Amino acid sequence: MKRHATSLDRYRHKRHFRRTPEPSPERRARWRPDAPHFVVHEHAATQLHYDLRLEINGVLVSWAVPKGPSYMPSEKRLAVRTEDHPLAYGDFQGTIPEGEYGGGEVLLWDRGTFEVEPPATAEEGLESGHLTVTLHGQKLEGKWHLVRMRVQRGKENWLLFKARDGQERGKAMLTHPERVLFPADGFTKKDVFDYYRAVADVLVPVLADRPIAVQQWPEGIGRPGFFRQKVAHTPDWVRLLEVKHQTRTIPHINVDRPETLLWLANQSALTLHMWSSHLPRLSEPDWVVFDLDPGTGTFDELITVALALRERLEELGLSSAPKTSGKRGLHVLVPLARGHTYVDVRRFALRILQEVGEAHPELATTERSIRKRHGRIYLDAMQNARGKTVVAPYSLRALDGAPVSTPLGWSEVTRRLRPAHFNLKTMPSRLERVGDLFAPALGVRQSLPRLH
Ligand SMILES: [Mn+2]
């Protein structure tokens with residue numbers, strides 16, 4: 001027991017237990033004494049990060065992972081070893097007051113049990129600098145490596161990355177793999193299934209705990225499809241989100257793991273539309289959506305307007321993330337800190353788009369009446385409302401060529417941009433090349449300025 005006390009000294013010395021709601025080292029954990037537990041805290045301190053904590057030898061050995069864990073084996077995430085935490089921290093969530101160590105909000109992002117890959121024990125792995133763990137959480141399932149890079153002035157920098165274990169393939173069966181869903185291209189349901197498997201690692205974190213609506217084309221895109229908020233006859237293992245709509249509560253599919261995405265792919269759900277907010281705070285959008293709809297305007301005009309929008313946002317100190325709609329439009333997302341309402345966000349979006357429209361009256365308008373737009377680009381702020389959806393990043397669209405709603409770097413938003421080049425066939429290699437350009441939309445936290 002003495003050993004634990006020593007290991008928690010740093011934890012104790014950094015905190016004032018009269019001022020922070022965090023547990024003191026003496027607090028007993030409520031955990032069951034079965035397999036060792038892990039937790040991941042989402043910690044909105046000065047920098048948003050994720051704290052991975054593994055129960056080893058009676059304490060929670062901890063790493064701060066600025067970008068959070070990735071399901072992509074090629075994405076090696078920096079994990080800075082921090083002080084050991086008491087086991088009772090595994091139940092903690094709350095707000096650490098500003099000015100205290102780690103001031104900011106702490107949420108339980110994931111928890112579960114884990115095993116260490118034999119023959120090494122967890123302690124030996126910590127010592128040697130290579131620990132391989134299989135996590136059984138709600139969000140994280142499968143094998144991850146933790147590898148120590150170097151120790152500098154007592155600071156240990158590790159890398160956290162996914163092992164290639166094929167973990168998430170079991171439950172989602174593919175039926176009728178040969179059925180052609182994109183007749184002009186000959187793309188089959190197996191192609192769609194393989195596509196969603198290839199992007200699952202970047203798409204699942206976006207969709208987890210977020211209400212979605214799906215468009216399904218069981219007979220392929222040459223025949224009528226249908227749009228659904230809820231999908232009938234889900235298997236037991238698919239998690240559902242009970243979401244209050246105006247007149248009723250609807251169970252939405254929770255795409256919180258790769259198997260669920262693949263199950264949807266097998267239902268010919270080609271296109272996924274997502275809310276801007278996620279549970280448990282459905283009234284607080286994660287981003288502002290600017291929807292630029294080209295009308296009968298040219299693509300060059302759309303680019304001009306998108307860049308004007310970006311410039312205006314930059315003047316306000318806001319960074320933004322563009323993506324193609326997968327059709328002809330562009331979406332520009334401004335990632336937000338918690339605490340904004342849909343009303344705030346819509347008002348802000350409308351105001352900014354009016355400014356952009358007034359600067360380019362011949363090209364673009366916020367006019368909602370199609371007749372009065374006269375073919376100009378429609379600057380749409382109205383997607384910023386509870387229950388409204390935008391197409392999810394990496395979602396396929398039901399058009400010839402199987403284009404994808406593709407996250408972009410702003411440097412790609414030029415007249416040379418060709419949205420159709422991003423499709424079912426090209427997207428996986430693009431992802432390997434440029435990484436997940438949607439990540440800032442989930443990770444950056446910004447507050448909207450007051451406009452006068
Ligand atoms: Mn932290």
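One structure accompanies this document, and this report is about it. Note that the structure is a prediction, hence the values are computed from the model and not measured.

## Re helix 7 (residues 342-359)
Helix length check: helix 7, at 18 residues, gives a terminal C-alpha distance of 26 Å against a target of 26 Å (1.5 Å per residue), a fit within 8%. Buried-residue contacts for helix 7 involve strand 17 (287-293), helix 6 (299-315), strand 20 (364-365) and strand 21 (377-380).

## Remarks on the packing of helix 6 against helix 7
Orientation of helix 6 relative to helix 7, taken along the N-to-C sense of each, is 125 degrees, at an axis distance of 10 Å. Between helix 6 and helix 7, the interaxial angle falls into the category oblique. Both helix 6 and helix 7 take part in a crossing whose hand is right-handed. The residues of helix 7 that touch helix 6, namely those facing Val 305, Ala 308, Leu 309 and Arg 312, are Ile 352, Glu 355, Val 356 and Ala 359. Looking at the contact of helix 6 with helix 7, its residues break down into six nonpolar, no polar and two charged.

## Quick notes on the sheet that holds strand 18 (residues 321-324)
Taken together, five strands build an open sheet; the order of strands is 18-19-17-21-20 and the sheet is mixed. Edge strands, defined here as strands with exactly one partner in the open sheet, are strand 18 and strand 20. Inspection of the sheet shows strand 20 paired to strand 21 by two bridges, in the parallel sense. The partner of Ala 364 across the bridge, within strand 21, is Ile 377. Contacting strand 17, strand 18, strand 19 (330-335), strand 20 and strand 21, helix 6 crosses the sheet at an angle of about 10 degrees to strand 19.

## A look at helix 6
Taking 1.5 Å as the rise per residue, helix 6 with 17 residues should run 24 Å; its terminal C-alpha atoms sit 24 Å apart, in good agreement. Listed as buried for helix 6 are Leu 302, Val 305, Ala 306 and Leu 309. Each buried residue of helix 6 sits inside an arc of 100 degrees when the element is viewed along its axis, so together they form one side. Facing away from the buried side of helix 6, by more than 90 degrees, are the exposed residues Asp 300, Glu 311, Glu 314 and Glu 315. Structurally, helix 6 contributes buried residues whose contacts are with strand 17, strand 18, strand 19, helix 7, strand 20 and strand 21. Following helix 6 by one or two positions, Gly 317 has its phi on the positive side, about 80 degrees.

The rules behind the values
Residues numbered from 1 in each chain as written. Predicted model: local features only at pLDDT ≥ 70, side-chain atom pairs only at ≥ 80, totals over all residues. Helix = DSSP H or I, 4+ residues; strand = E, 2+ residues; numbered from the N terminus. Expected span 1.5 Å × (residues − 1). Contact = placed C-beta atoms within 7 Å. Axes fitted to C-alpha atoms, helices over the stretch in contact; angles between N-to-C directions. Parallel < 35°, antiparallel > 145°, perpendicular 65-115°, else oblique. Left-handed = near helix turned anticlockwise from the far one by under 90°. Nonpolar A, V, L, I, M, F, W, Y, C, P; charged D, E, K, R; others polar. Pairing = 2+ DSSP bridges. Buried ≥ 20, exposed ≤ 12 C-beta atoms within 10 Å, placed from the backbone. Arc of directions from axis to C-beta.

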